[in-house]
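# Notes for the structure review
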Amino acid sequence: MNASTEWEELVSAALVGTDRRPVPGESAPEIELLERAAVHTLRMRAGQRLGGGDPLSVAPSEEQPVVSRAAADRLSRILSGERPRLLAEWLETAAGRGYRVSPHLLPELLDQGARDRSIRPHLGVLAGNRGRWLAGLNPAWDFLREEVTAGAATGSDDAREIWEFGTSGDRRAHLSALRAADPAGARRLLAATWEKEAPDDRAAFLEVLAARLSPEDEPFLEAALDDRRREVRHQAADLLTRLPDSHLGRRMAERVTRYLTVEAGNIQVVPPVACDAAMERDGIRAKPPRGTGERGWWLQQAVARTPLGVWTRLLGRPPAELVRMKIDDWGREVMAGWVRAAVLQGDPEWARELFSWDPLADLLAALPPAEQESVAAGFVRRHGLDGQLIMVLGGAAAPWGPNLARAVLQKILEVSGTQPWNLGELTRLAGERIDPALYGVAERLSLEPPIQEVAALLRFRDDMLKELS
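Anyway, here's the lowdown on the structure attached to this text. Keep in mind the model is a prediction, meaning the values are calculated, not measured.

All right, on to the environment of proline 450 then. Note that proline 450 resides in helix α28 (residues 449-467). Separated by 35 residues in sequence, proline 450 and valine 415 place their C-alpha atoms 9.8 Å apart.

Looking now at the sheet that holds strand β2 (residues 266-269). Taken together, 3 strands build an open sheet; the order of strands is β1-β2-β3 and the sheet is mixed. Where the open sheet ends on each side, the last strands, each with one partner, are β1 (260-263) and β3 (327-328). Bridge count for β2 against β3 is 2 bridges, and the pairing is parallel. Paired with glutamine 268 across the two strands is aspartate 328, which belongs to β3. This element, helix α15 (residues 247-259), spans β1 and β2 of the sheet and lies at about 40° to β1.

Next up on the list: helix α7 (residues 128-135). Turning to α7, its buried residues are Gly128, Gly131, Arg132, Leu134 and Ala135. Summarising the axial view, the buried residues of α7 lie within an arc of 160°, below the 170-degree limit, and thus occupy one face. Where α7 is buried, its residues contact α5 (106-115) and α6 (120-126).

What follows concerns the packing of helix α20 (residues 331-345) against helix α21 (residues 348-357). Axis angle and axis distance: for two packed helices, these are the angle between their axes and the distance between the axes, and together they describe the pair. At a minimum axis separation of 9 Å, α20 and α21 run at an interaxial angle of 135°. What the angle tells us is that α20 and α21 run oblique. Here α20 and α21 pass one another in a crossing that is left-handed. Packed against α20, whose contacting residues are Met335, Trp338, Val339 and Ala342, the element α21 presents Trp350, Ala351, Leu354 and Trp357 at the interface.

Under the counting rule described, the total for this entry stands at 31 salt bridges. Here glutamate 333 and arginine 332 are joined by a salt bridge, their closest N and O atoms 3.4 Å apart. For glutamate 333, a relative accessible area of 13% gives the class buried. For arginine 332, a relative accessible area of 67% translates into the label exposed. For glutamate 371, the salt bridge goes to arginine 352, with nearest N and O atoms at 2.5 Å. Here the residue glutamate 371 occupies a position in helix α23 (residues 369-382), and arginine 352 occupies one in helix α21, the gap between them amounting to 19 residues. The class of arginine 352 is partly exposed, set by a relative accessible area of 36%.

Here we come to the environment of aspartate 158. Relative to the assigned elements, aspartate 158 resides in the loop between α8 (150-154) and α9 (159-165). Of the residues examined, aspartate 158 reaches a relative accessible area of 46% and is grouped as partly exposed. Along the sequence, aspartate 158 and histidine 174 sit 16 residues apart, while their C-alpha atoms lie 9.9 Å from each other.

This next bit is on the pairing of β1. Across 4 bridges, the pairing between β1 and β2 is antiparallel. Note on β2: the bridge partner recorded for threonine 261 is glutamine 268. The loop that links β1 with its antiparallel partner β2 comprises 2 residues; one of these, alanine 264, has a positive phi angle of about 55°.

A cis geometry characterises the amide bond from alanine 398 onward to proline 399, with omega recorded as 0°. Within the chain, aspartate 329 stands out as a residue other than glycine whose phi angle is a positive 65°. Counting through the fold element by element, aspartate 329 comes out in the loop between β3 and α20. Unlike most non-glycine residues, tryptophan 330 shows phi in positive territory, near 55°. Of note, tryptophan 330 is situated in the loop between β3 and α20. Among the residues examined, tryptophan 330 registers a relative accessible area of 29% and is labelled partly exposed.

The rules behind the values
- Residues numbered from 1 in each chain as written.
- Predicted model: local features only at pLDDT ≥ 70, side-chain atom pairs only at ≥ 80, totals over all residues.
- Heavy atoms only, no water.
- Helix = DSSP H or I, 4+ residues; strand = E, 2+ residues; numbered from the N terminus.
- Pairing = 2+ DSSP bridges.
- Contact = heavy atoms within 4.5 Å.
- Axes fitted to C-alpha atoms, helices over the stretch in contact; angles between N-to-C directions.
- Buried < 20%, exposed > 50% of the residue type's maximum accessible area, 1.4 Å probe, protein only.
- Arc of directions from axis to C-beta.
- Parallel < 35°, antiparallel > 145°, perpendicular 65-115°, else oblique.
- Left-handed = near helix turned anticlockwise from the far one by under 90°.
- Salt bridge = Lys/Arg side-chain N within 4 Å of Asp/Glu carboxyl O.

Shown next, in the form of structure tokens:
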């Protein structure tokens, strides 16, 4: 009896039952059936003949240093489930220092990269030549072949060759490095190949121009407003919004002059009644999200893309007064537009005033780093533990220094006596964002388990970073 016939008979017996179709043997019929099925399955898996094919090419030699044995062991522990949220920090740190990972960890890391796009740029550096060789053998890992390589990340490879023949990641890295050193040169390089670039690359390259943005970039960005790809048009509009005296800013100022006025001490609002082609070209999306009215949606976007300096001239009040004035109708849309404008334009004065009105993580991120920590620490001391506190802390730039660290640790200590079940996310966030060198501060503060949990996580990160130094 061949294997296929035997398997079909076993399946048939299983379907109708061994009472109606007994399987002869030394054991009870049902046990005999299961044992034969198990043996048959093992035979099928182990007994396949190898297919023909050409020998694989040899993986190229490596040029980067491999991480230390201790660092590789810690990465293996993280991948196995110990402190898994620290994976991104491990990868970012190791890639930033030009290391590659141990070959035996590559398959698991590449599988992670296939599921998580956010870690792919780091994998491009860490995988080394062997990782790219592996990626060529497995379509699921093919993403790696578009990420930045170590040579481009460090600027050691030939610049001309990178721009002409490099991966998308290599070309972005090269353009970023050139933009930092020679902003006009980077813009000219991009303009020379702009029409030949793929749509996804055009949008990604425009993001690079956010660094050292200046009025000299305006003609190029203004032309990009007519691009075929919506993401490119909106990226160009975002950058033009950051240029206070751009033509786009003036067009927006002219529009909002018709929408907002001050009468009897209140802000009066008449939102647009239509979204014409000119408004769409300037980055205003015509179709609102589900549940949002069209006029309010257009108003909010127009306010967001108007230079913030316009409002003091138009409404005759400084930001501190404007955010507290009564707005007759459409107030929610106007405030949302100002919040978006403060974030988009990185205006600390408006961000500071708006944060006092509505503490949002995005507004905190628009403040200078030193002020972020001070404002966040004050908010932690005044505010109870809830979702908003977690969101605001998520916007504070890491690593947190002593001021914010002490405020958060004290909050954990306070809450541990009343709502210990509610501390999970705050303790994890503290352990992941506080400067790990401050683990001693947590260790000495209290023996309460949540504080010691933070201290243990900080010590884990401190050891991790030292292994990657």
